[in-house]
Amino acid sequence: MFDLIVKNGWILTIDENFTEYRNGYIAVKDGVIQEVGSNLPDSYQAKEIIDAKGNIVLPGFINTHTHAAMTLLRGYGSDNPLKAWLEEYIWPVEGKFVSYEFVKDGTDIACYEMTRNGVTTFVDMYFYENAVADSVIQNGMRAVLCTGLLDFPTPGAKTPEEGIEKTKDFIKEYKNNPHIYPCVGPHAPYTCSPKTLNMAMEVAENYDTLFHIHVSETLHEVEDIKTRYGNTPVKHLKEIGVLNDRVLAAHMVHPTDEEIDLLAEYKVKVAHCPESNLKLASGVAPVPKMLEKGVTVGIGTDGTASNDDLDIIGEISTAAKLHKGYNLNPTLLNAKQSLAMATREGAKAIRLEDKLGTIEKGKFADFIIVDINQPHLQPMYDPYIQIVYSAKGLDVDTVVVNGKVLMKNKIVLIVEKEKVLDIAKKWLRKVKES
């Protein structure tokens, strides 16, 4: 007797061999995959059985970089350079409104949107991460969470030292929670001094967590770091001793060839956010070069204030096409590679590859079913190609996290859509009235 069985699925495990199971089944107990294979034995029973009806079953998507609460600022201050967007729009409105209520409400919208689009785990850097944690737990998702550490006062802390202490408290509070993976989140080399970065890395090492940071996002940042420290951003992090295998670097748009070698040597992971980088005109990250050197690269949406959605399938598709066009090479980032970046490689990026990212025995039961019985997904010559180039997030039919069904028949079960819309309307009024 299992807790959940999914049967009659076209299972793409996204394991290292890209194993597939036609007429496949997944048997789940206590939130863990017990068996995966073809042709469900007649004797198998479960408390709940889902008939996939020949649709594609995939590992849940992993969004390796976002700012979930910024759904409340979706589109706010758009069409400006990153520096102006942050300093003239985002930071002032955050300074006025960011609170537990703001973050909880914004994350509730994000969790609904990500669940609807097949994201089961996400990495978040923001403020009031206890509010993010409450939302994640309530919505049944998984998340790697860190409070943004900066050298100037933020809604989270008046000083970096205070931010470090709050980070320690957050890690201690959530270190054993099955839905939350606390980590350390210095914002960027241009907003954190070497002292702050070293304090942050010490915490990450002492508590064995991820170290999440924005790096080399814009040319302005690169020039700023060169002016201040005489080095490019990645070399700067190496020189001050905070480059290692627990670093997840968001964006990484402008590394030099020498720095890409350093990323590979130090086993740094990268969160690639192609749509945000395009919208903010930050540039095109050299992802093919990084992959060629063996750098682990995951896919991130960034926040909805700069994307402006949390459709991870759309992000995967953009990444695949962007690098082909930019490099004038149609063979780069093929469909299998691209899909792996949002699943298996994403799990490696967040140091959870032993638990997430593939559909295999012993892994957490985090997977999705994509409805392929639609004109825009047929005829189905190759499932990887169809998902990457033809599918949309709204084609996701079912979402399972830890063996619990969060969405079925394209309806999110945890929270009502109308409640999410009411939250958005409430904050639209508040921000406009201010």
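Residues numbered from 1 in each chain as written. Predicted model: local features only at pLDDT ≥ 70, side-chain atom pairs only at ≥ 80, totals over all residues. Heavy atoms only, no water.

Draft legend 1. Looking closely at the overall build of the protein chain. Scanning the protein chain from N- to C-terminus turns up 15 helices and 18 strands. In summary, the protein chain has a C-alpha radius of gyration of 21 Å against a globular reference of 22 Å for 434 residues, a match within 12%. Overall, the protein chain is about 65 × 45 × 40 Å in size when its C-alpha atoms are taken along their principal axes. Relative to its full complement of 434 residues, the protein chain shows a buried share of 61%. Within the protein chain, contacts between residues at least 6 apart in sequence are counted, and of these 73% link residues at least 24 apart. In the protein chain, 47 positive and 60 negative side-chain charges are present, and the distance between their average locations comes to 2 Å. (Helix = DSSP H or I, 4+ residues; strand = E, 2+ residues; numbered from the N terminus. Rg over C-alpha atoms; globule rule 2.2 N^0.38 Å. Buried < 20%, exposed > 50% of the residue type's maximum accessible area, 1.4 Å probe, protein only. Contact = heavy atoms within 4.5 Å. Lys, Arg positive; Asp, Glu negative; His and termini not counted. Charge placed at Lys NZ, Arg CZ, Asp CG, Glu CD.)

Draft legend 2. Broad picture of the nonpolar core. Of all hydrophobic cores here, the largest spans 111 residues; its most connected members are Leu58, Phe61, Phe102, Phe122, Met290 and Leu339. No other element matches helix 2 (residues 100-116), which puts seven residues into this core. Each residue touching Phe122, except ones within four places of it in the same chain, is listed here: Asn63, Thr66, Ala68, Cys111, Met114, Val132, Val136, Met141, Arg142, Ala143, Val144 and Leu145. Within the second largest apolar cluster, 17 residues are counted, among which are Ile62, Cys146, Ala347 and Ile350. (Core = buried A, V, L, I, M, F, W, Y, C linked by side-chain atoms within 4.5 Å.)

Draft legend 3. Structural context of the packing of aromatic side chains. Scanning all chains against the criterion turns up nine aromatic pairs. Geometrically, the ring pair formed by Trp91 and Phe152 is edge-to-face, given 5.6 Å between the ring centres and 65° between the ring planes. Placement of Trp91 in helix 1 (residues 82-97) and of Phe152 in the loop between strand 8 (142-149) and helix 4 (160-174) is noted, with a sequence separation of 61 residues between them. Classification of Trp91 by relative accessible area gives partly exposed; the value is 27%. (Phe/Tyr/Trp six-rings, centres within 6.5 Å; stacked < 30°, edge-to-face > 60°.)

Draft legend 4. How the structure looks around the layout of surface pockets. Estimates place the volume of the largest pocket at around 380 Å³. Taken together, 27 residues line the largest pocket, and the ones lying closest to its centre are His67, Leu86, Trp91, Glu94 and His187. At the level of elements, helix 1 and strand 7 (119-126) are the ones that each hand at least two residues to the lining of the largest pocket. No other element matches helix 1, which puts seven residues into the lining of the largest pocket. (1 Å grid on protein atoms, 1.4 Å probe; cavity = no way out; pocket = protein on both sides within 12 Å on 5 of 7 lines; lining within 4 Å. Points joined across faces, edges and corners; volume = space filled by probe spheres on them.)

Draft legend 5. Broad picture of the side chain of His214. Counting through the fold element by element, His214 comes out in strand 11 (residues 211-215). Of note is the side chain of His214, whose polar atom sits 3.5 Å from the side chain of His67. Within the local environment of His214, its side chain forms a polar contact with the backbone oxygen of His187, the two atoms lying 2.7 Å apart. For His214, the contacting residues outside a window of four places in its chain are His65, His67, Met125, Pro186, His187, Ala188, Pro189, Glu221, Ala250 and His251. (Polar contact = N/O pair within 3.5 Å; in protein donor to acceptor, adjacent residues only side chain to side chain.)

Draft legend 6. Up close: the side chain of Lys363. Along the chain, Lys363 falls in the loop between helix 13 (344-349) and strand 15 (367-370). Overall, the relative accessible area of 10% leaves Lys363 in the buried class. In this structure the side chain of Lys363 is engaged in a polar contact, spanning 2.6 Å, whose partner is the side chain of Thr358. The contacts of Lys363, once residues within four sequence positions are left out, are Val32, Ile33, Glu353, Asp354, Lys355, Leu356 and Thr358.

Draft legend 7. Local environment of the packing of helix 2 against helix 3 (residues 129-139). Direction vectors running N to C along helix 2 and helix 3 enclose 35°, while the axes themselves pass 8 Å from each other. Where helix 2 crosses over helix 3, the two elements pack in a sense that is right-handed. Contact residues: helix 2 offers Tyr100, Val103, Lys104, Thr107, Asp108 and Cys111, while helix 3 offers Asn130, Ala131, Val132, Asp134, Ser135, Val136, Gln138 and Asn139. When grouped by side-chain class, the residues that make up the contact of helix 2 with helix 3 number six nonpolar, five polar and three charged. (Axes fitted to C-alpha atoms, helices over the stretch in contact; angles between N-to-C directions. Left-handed = near helix turned anticlockwise from the far one by under 90°. Nonpolar A, V, L, I, M, F, W, Y, C, P; charged D, E, K, R; others polar.)

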